[in-house]
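Now for the letters of each chain:
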Amino acid sequence: MQDIRCKKCGSNSHVKSGCIRGSQRYKCKECGCNFKIGDNRGKISPEAKALGILMYGSGKASYGMIARLFKVTRSAVLYWIRSIGSKLPEPQINTEMEEVSIDEMWHFINKKKKNLGLAGGGSQ
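Everything numeric in this text was worked out from a predicted model, so none of it was measured. (Residues numbered from 1 in each chain as written. Predicted model: local features only at pLDDT ≥ 70, side-chain atom pairs only at ≥ 80, totals over all residues. Heavy atoms only, no water.)

### Looking at the pattern of salt bridges
Inclusion rule: We define a salt bridge as a contact between a side-chain nitrogen of Lys or Arg and a carboxyl oxygen of Asp or Glu at a distance within 4 Å. Think of it in three bands: with a 1.4 Å probe and only protein chains considered, a residue is buried below 20% of the maximum accessible area for its type, exposed above 50%, and partly exposed in between.
Within the structure shown, the criterion is met by 1 salt bridge. Measuring nitrogen to oxygen at the nearest pair gives 3.2 Å for the salt bridge that ties R5 to D3. The class for R5 is partly exposed, based on a relative accessible area of 42%.

### Focus: the packing of aromatic side chains
So the rule is basically this: Here a pair means two rings of Phe, Tyr or Trp (six-membered ring of Trp) with centres within 6.5 Å. Their orientation is stacked below 30 degrees between planes, edge-to-face above 60, and tilted elsewhere. Helix numbering and strand numbering both begin at the N terminus, where a helix is a DSSP run of H or I of at least 4 residues and a strand a DSSP run of E of at least 2.
Counted according to the given criterion, the structure contains 3 aromatic pairs. When the centroid spacing of 4.8 Å and the interplanar angle of 10° are considered together, the rings of Y56 and Y63 count as stacked. With 6.1 Å between their ring centres and 65° between their planes, F70 and W80 make a pair best called edge-to-face. With a gap of 10 residues between them, F70 in helix 2 (residues 63-70) and W80 in helix 3 (residues 74-87) connect regions that are remote in the sequence. Judged by relative accessible area, which is 17%, F70 ranks as buried. The buried category is assigned to W80, whose relative accessible area is 6%.

### What to know about the confidence of the model for the protein chain
Threshold: Confidence scores labelled pLDDT are given residue by residue by the predictor and lie between 0 and 100.
Per-chain confidence: the protein chain averages 81 in pLDDT, with 77% of residues scoring 70 or above. Of all secondary-structure elements in the protein chain, the lowest mean pLDDT belongs to helix 4 (residues 105-114), at 63, while helix 2 reaches the highest, 93.

### Focus on the pairing of strand 1 (residues 14-20)
Our working definition: Only strands that DSSP links by at least two bridges are regarded as paired with each other.
In this sheet, strand 2 (residues 23-28) lies alongside strand 1 in antiparallel orientation, the contact comprising 5 bridges. Within strand 2, the position partnered with C19 by the bridge is Q24. Hairpin connection between strand 1 and strand 2: a loop of 2 residues separates the two successive antiparallel strands, and R21 in this loop has a positive phi of roughly 50°.

### Structural notes on the nonpolar core
The condition is simple: Residues enter a nonpolar core if they are buried and are Ala, Val, Leu, Ile, Met, Phe, Trp, Tyr or Cys, with the set joined through side-chain atoms within 4.5 Å. Here a residue-residue contact requires only that any non-hydrogen atoms of the pair lie within 4.5 Å.
Grouped together as the largest cluster of nonpolar side chains are 10 residues: A48, I53, M55, A61, I66, A67, F70, V77, W80 and I81. Mapped onto this core, the elements with two or more residues apiece are helix 1 (46-57), helix 2 and helix 3. If we skip the residues at most four places from it in the chain, I53 touches W80, I81 and I84. Listed in part, the 6 residues of the second largest apolar core include C6, Y26, C28 and F35.

### Re unusual backbone geometry
Non-glycine residue K71 carries a positive phi angle of around 55°. Position of K71 relative to the elements: it lies in the loop between helix 2 and helix 3.

Listed below in structure tokens is the structure:
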């Protein structure tokens, strides 16, 4: 017989606790953790996670596309991105900037201002 140990505390004191997805489920008497033998979920390698994060960061893929590609949930992809993002340093902003050039944007803004309002040229 296989030595069944709790995945959380390592104790071998357990009882059967029903079935889940066709596999026997156990409950640890020590910590109360529910577990099953042989977690069949796929594990994503760090390299695959890095590729997914690069795809998202470059603007080439959405959460949904990355999730379908790696056969994980969208929330898992969101977790990967947030966990990596929290480890990155804050972006540095150049505080010595004195002037900003808005190349020909004034023409677009002024044109828009003339067309606002009612077609009759006044308000009632």
